[in-house]
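# Examining the three-dimensional arrangement
Listed below, chain by chain, are the residues.
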Amino acid sequence: MLYALILLAVVAWVLQLVLGMRQLRRFQHHVRTLRAAKGRVAIGKSKGRILAGAIMLLCIDEACHIVYGEVMQGFTVFARFRPFDKLNGLSLLALDEAICRAHGLDRQQAKAALSARKDYLDYEAKVQEEGKDAKQPVHTEGL
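As a starting point, this report considers the structure included with it. (Residues numbered from 1 in each chain as written. Predicted model: local features only at pLDDT ≥ 70, side-chain atom pairs only at ≥ 80, totals over all residues. Heavy atoms only, no water.)

Glancing now at the overall build of the protein. Counting its regular elements, the protein contains 3 helices and 4 strands. Taken over the C-alpha trace, the protein has a radius of gyration of 20 Å; the compact-globule value for 143 residues is 15 Å, which it surpasses by more than 25%. Considered along the principal axes of its C-alpha atoms, the protein spans approximately 75 × 50 × 30 Å. Counting over 143 residues, the protein shows a buried share of 29%. Of the contacts made within the protein by residues no fewer than 6 positions apart, 47% connect residues no fewer than 24 positions apart. Counting every atom, the protein has about 10,100 Å² of accessible surface; 62% of that belongs to carbon and sulfur. For the protein, the centre of its 21 positive side-chain charges and the centre of its 14 negative side-chain charges are spaced 11 Å apart. (Helix = DSSP H or I, 4+ residues; strand = E, 2+ residues; numbered from the N terminus. Rg over C-alpha atoms; globule rule 2.2 N^0.38 Å. Buried < 20%, exposed > 50% of the residue type's maximum accessible area, 1.4 Å probe, protein only. Contact = heavy atoms within 4.5 Å. Areas by Shrake-Rupley, 256 points an atom, 1.4 Å probe, with all protein chains shown as cover. Lys, Arg positive; Asp, Glu negative; His and termini not counted. Charge placed at Lys NZ, Arg CZ, Asp CG, Glu CD.)

A few words now on unusual backbone geometry. Positioned with a positive phi, cysteine 64 is a non-glycine residue whose angle comes to about 65 degrees. Within the secondary structure layout, cysteine 64 lies in the loop between β2 (53-60) and β3 (66-74). Look at cysteine 64 and you get buried, because its relative accessible area is 7%.

Relative to β2, strand β1 (residues 40-46) runs antiparallel, the two sharing 7 bridges. Considered in β2, the bridge of isoleucine 43 is made with leucine 57. What sits between β1 and β2 in their antiparallel hairpin is a turn of 6 residues. (Pairing = 2+ DSSP bridges.)

If you trace the 4 strands from one edge of the open sheet to the other, you get β1-β2-β3-β4, paired in antiparallel fashion. Each edge of the open sheet carries a strand with a single partner, namely β1 and β4 (81-83). Each strand axis lies, on average, 25 degrees off the axis of its neighbour in the sheet, ignoring direction. Where β3 meets β4, 3 bridges bridge the pair, whose relative direction is antiparallel. When the bridges of β4 are listed, glutamate 70 appears paired with proline 83. (Axes fitted to C-alpha atoms, helices over the stretch in contact; angles between N-to-C directions.)

Below, the discussion takes up the side chain of glutamine 109. Looking at the secondary structure, you find glutamine 109 in helix α3 (residues 107-135). Those residues within four positions of glutamine 109 in sequence are excluded, and the remaining contacts are Ala54, Met56, Val71, Gln73, Phe84 and Gly104.

Nothing here speaks to function; it is all geometry.
Okay, structure coming up:
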């Protein structure tokens, strides 16, 4: 009986691992497809312990306006991305909690949208810093 329980636990763990890896591959493929079709994609996430977590993909144009969005929200590895147009036309840089609530986002969706904004700003700051370092002249004085 004990061996049967151990075997069941191992099978459940392996099944969860395989399904989780499959979901990760689907996510990566989906992001690559969106980037190829729409351009820049800001990715936000909100982990949930009691509530279902959310992952939000926001496609943005050159002026950082949201042109297309998708959200994946759920508890299981069977959750899928669905189109999400509540933020279309808004500036990613201007998003805040009040705007998210005014446009009907639930708490997890709002946290994911704000996470996408923060991650985008962090990425832009990193690119700016790397660009500054690359443009600085090399000092060869005294060599």
